[in-house]
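If you want the building blocks of each chain, they are given just below.
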Amino acid sequence: MRGLRLLIIGKQGSGKGTLCVQFAQHFGVPHISTGDAFRAAVAESSERGIRAKAFMESGQLVPDDLVMEIVDELFVRESLRERGFLFDGFPRTVHQADLLDATLAPEGVDAVIDLEVSTEVVVARLASRRVCSNPNCGAIYSLKSPPKSPWNCDLCGSPVVQRDDDREEMIRRRLDDYEAMTAPLVDRYEALGKLIRVDAALSPDEVFSRALAELLTRRLANETGEA
Ligand code: ADP
Ligand code: ZN
């Protein structure tokens, strides 16, 4: 049987990455963050990293064709069609969603979780967010919940840092792009009957249990975590 195909959408700072880490553990489905994939490409100065760098540093979206190159490659390398996936930060434009749906035709994705939270809450969260600098780890902390030995990652020991694009002026720009380019995806998946809205101002554990309960209701998962 194929694995669960889930998209997690929501503003920057809504908790997509945190929920994906919990879901990946629960379902054993790969967590695919296009942002992490791009940060890794930039860190290793690959050809794609070089093309993506200026966009990322200025808080802009990377062009769709470059995003799809990375996603298409991940589909093959990680056998995502069969294993399923938790996409974190993809799709982020209507065009990307069209291309993803074409890749997955005729079934498409199983469900889309929309993490809903106000702009004031996410601006405060992002300004205090700190992340593990190891691109293979991706653990997330904050000024309020630092790693046990500040500032080294609890999971891998790498330095925990502030992301370049988590500074106030860039945060505003990324949130404006979200409203213009990504928010329309909510209506698209709602019309398809695939949208699950979750209040993302709640604690991470509460967000996880509510999202999981919705998947159970829709018979997309069972208590043991098998999709
Ligand atoms: P955030 O959601 O907080 O902006 P991410 O880690 O998901 O952070 O992404 C960081 C950056 O990577 C984005 O600002 C953008 O430049 C680029 N990026 C990631 N995913 C996409 C995507 N699907 N489409 C376009 N750009 C993307
Ligand atoms: Zn780490």
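Residues numbered from 1 in each chain as written. Chains lettered and ligands numbered in written order. Predicted model: local features only at pLDDT ≥ 70, side-chain atom pairs only at ≥ 80, totals over all residues. Heavy atoms only, no water.

### Some points on the packing of helix α6 (residues 94-104) against helix α9 (residues 184-191)
Item 1. Relative orientation of the contacting elements α6 and α9 amounts to 35°, with a least axis distance of 10 Å. Mapping the contact onto sequence places V94, A97, D98 and D101 in α6 and P184, L185, R188 and Y189 in α9.
Item 2. Taken together, the residues that form the contact of α6 with α9 break down as five nonpolar, no polar and three charged. (Axes fitted to C-alpha atoms, helices over the stretch in contact; angles between N-to-C directions. Helix = DSSP H or I, 4+ residues; strand = E, 2+ residues; numbered from the N terminus. Contact = heavy atoms within 4.5 Å. Nonpolar A, V, L, I, M, F, W, Y, C, P; charged D, E, K, R; others polar.)

### Focus on the coordination of the zinc ion (ligand 2)
Item 1. Around the zinc ion (ligand 2), the protein contributes the donor atoms C132 (SG), C137 (SG), C153 (SG) and C156 (SG), which lie 2.3 to 2.4 Å from the metal centre.
Item 2. Angles of 97 to 114° at the metal separate the four donor atoms of the zinc ion (ligand 2), which places the site in the tetrahedral class.
Item 3. All donors to the zinc ion (ligand 2) come from one chain, and their sequence spacing reads C-x4-C-x15-C-x2-C. Of this pair, C132 sits in strand β5 (residues 129-132) while C153 sits in the loop between β6 (140-142) and β7 (160-161), and the two are 21 residues apart along the sequence. Both residues of the pair, C132 and C153, belong to the buried class. (Donors = N, O, S within 2.8 Å, 3.2 Å for Na, K, Ca; no water. Tetrahedral: all angles 85-135°; square planar, octahedral: opposite > 155°, others 65-115°. Buried < 20%, exposed > 50% of the residue type's maximum accessible area, 1.4 Å probe, protein only.)

### Some remarks on the sheet that holds β6
Each strand in a sheet pairs with its neighbour through backbone hydrogen bonds, running either in the same direction (parallel) or in the opposite one (antiparallel).
Item 1. Read across the sheet, three strands follow the order β6-β5-β7 without closing on themselves; strand pairing throughout is antiparallel. Every other strand in the sheet has two partners, leaving β6 and β7 as the edge strands with one partner each.
Item 2. Bridging between β5 and β6 involves three bridges; their strand directions are antiparallel. Each residue of the ladder has a partner; that of R130, found in β6, is Y141. (Pairing = 2+ DSSP bridges.)

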